Amino acid sequence: MRIELRVCQHCLDGEHGGGHHKSALLQDMVNCAERIKEHKDVLDLDAVHIRRVRDDEQGKPEALPVVAATIQNNQIVLNDTQLVAEGQDGNMLLYANPDDILTVLAGNVDEISKAVPGDVTVDLSEPGAQIVSNADLGADPDRQPDV
């Protein structure tokens, strides 16, 4: 199984529209993906790719050949932020919504934290932490079901 996170480098740096909020969410995504990459063996992942796409390049995938697009003003526009996951059966899952991307990545970090001794948490921005807390990933030990 492999995953690939693609983000716009200029947006990550805060150079494009969207402001601090978008830049913070993208940084949260990259931080989570980097943590997953460090512990990919725990999740039985073959590879974790983090692709920072610049305006002066085509934005091709690094490893997983899937690209999300939307239609804006009657033109096809490639999504600059997306997460692609390839399962062991070869099926591809594509996440293009930033909230979904962060939730999936944070969920993977949560799974790592259950299997690895020590602290593997990622410090999220305020908007990122709000998204993840609303997702109810089960990371709160006070809200765990009785086993």
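Described below are features of the structure shown in this document. Counting restarts for each chain: residues are numbered from 1 in the order of the written sequence. It should be noted that, the model being predicted, local features are given only for residues of pLDDT at least 70 and side-chain atom pairs only at 80 or more, the latter also being counted only at that level, while totals for whole chains, interfaces and linings use all residues. Hydrogens and water molecules were not included; the side-chain quantities draw on all heavy atoms of the structure.

1. Things to note about the pattern of salt bridges
Within this document, salt bridges are pairs made up of a side-chain nitrogen of Lys or Arg and a carboxyl oxygen of Asp or Glu, the two lying within 4 Å of each other. This model, assessed by the stated rule, comprises six salt bridges. Between E4 and R6 there is a salt bridge, with the nearest N and O atoms lying 2.8 Å from each other. The shortest N-O distance in the salt bridge between E111 and K114 comes to 3.2 Å. Linking E111 with K114, this pair stays in helix α3 (residues 98-115), spanning three residues, or about one helical turn. Beyond isolated ion pairs, a larger network of salt bridges with shared partners links D110, E111 and K114. A helix here means a DSSP run of H or I that spans at least four residues, while a strand means a run of E at least two residues long, and both kinds are numbered starting from the N terminus.

2. A look at the pairing of strand β4 (residues 75-78)
Direction of pairing for strand β3 (residues 69-72) relative to β4: antiparallel, over a ladder of four bridges. Bridge pairing in β4 links I71 to I76. Turn length for the β3-β4 hairpin, with the two strands adjacent in sequence and antiparallel, is two residues, and the turn residue N73 shows positive phi of about 50°. At least two DSSP bridges between two strands are needed for those strands to be called paired.

3. Points about the sheet that holds strand β6 (residues 92-95)
The sheet built from four strands is open, its strands ordered β2-β1-β5-β6 with mixed pairing. Only two strands of the sheet have a single partner each, and these edge strands are β2 (47-53) and β6. Pairwise comparison of adjacent strand axes, ignoring direction, gives a mean angle of 15° for this sheet. Of the pairings in the sheet, the one linking strand β1 (residues 2-8) to strand β5 (residues 82-86) comprises five bridges and is antiparallel in character. Residue pairing for β5: R2 is matched across the bridge by E86. Seen against the sheet, helix α2 (residues 19-38) touches β1 and β2 and runs at an angle of roughly 150° to β2. Between two residues, a contact is recorded if the distance between any of their heavy atoms is within 4.5 Å. Axes here mean lines fitted to C-alpha atoms, for a helix over just the part in contact, with angles spanning 0 to 180 degrees between N-to-C directions. Those strands touched by α3 are β1, β5 and β6, and its axis lies near 45° from that of β5.

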